[in-house]
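Below, each chain spelled out in residue letters.
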Amino acid sequence: MTAAPSHSTTIKRLACLAGVVGALLAAIEIMEPASQPEALETCATLASDIANALADIADLGAR
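First, a word on what this report is: a plain description of the structure on this page. Given the structure is predicted, the values throughout are model-derived calculations rather than measurements.

**Section: helix 1 (residues 7-27)**
Turning to step 1, where the next piece is worked out: The end-to-end C-alpha separation of helix 1 is 30 Å, in line with the 30 Å expected for 21 residues at 1.5 Å each.
Turning to step 2, where the next piece is worked out: Taken residue by residue, helix 1 has T10, L14 and V21 as its buried positions. The buried residues of helix 1 occupy one face: seen down the axis, they fall within an arc of 35 degrees. Across from the buried face of helix 1, at angles greater than 90 degrees, the exposed residues are K12, C16 and A26.

**Regarding the environment of A15**
Turning to step 1, where the next piece is worked out: Among the structural elements, A15 can be located in helix 1.
Turning to step 2, where the next piece is worked out: Measuring from C-alpha to C-alpha, the distance between A15 and A39 comes to 19 Å, with 24 residues separating the pair along the chain.

**Details of the environment of L40**
Turning to step 1, where the next piece is worked out: Note that L40 resides in helix 2 (residues 36-61).
Turning to step 2, where the next piece is worked out: Given the relative accessible area of 40%, L40 is considered partly exposed.
Turning to step 3, where the next piece is worked out: Each C-alpha atom, one on L40 and one on L25, is 7.4 Å from the other, the two residues being 15 residues apart in sequence.
Turning to step 4, where the next piece is worked out: Residues in contact with L40, not counting those within four places in the same chain, are L25 and I28.

Cut-offs used in this document
Residues numbered from 1 in each chain as written. Predicted model: local features only at pLDDT ≥ 70, side-chain atom pairs only at ≥ 80, totals over all residues. Heavy atoms only, no water. Helix = DSSP H or I, 4+ residues; strand = E, 2+ residues; numbered from the N terminus. Expected span 1.5 Å × (residues − 1). Buried < 20%, exposed > 50% of the residue type's maximum accessible area, 1.4 Å probe, protein only. Arc of directions from axis to C-beta. Contact = heavy atoms within 4.5 Å.

Spatial relationships are all this shows, so hold off on functional conclusions.
Structure, rendered in structure tokens:
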């Protein structure tokens with residue numbers, strides 16, 4: 001069995017994912033219009049995943 005990553009490692013990974021979301025959002029205006037809705041959905045999903053993971057970390061810290 002492998003150990004879970006530390007909170008610090010997880011937060012750094014989430015920060016990288018947030019950077020990906022930011023870069024994708026910045027590129028929306030140069031994308032083909034037909035590609036924009038899927039890119040926005042991808043951003044929304046990633047942002048939700050990031051928020052949920054941070055909330056989980058916060059909940060563990062509050063215990």
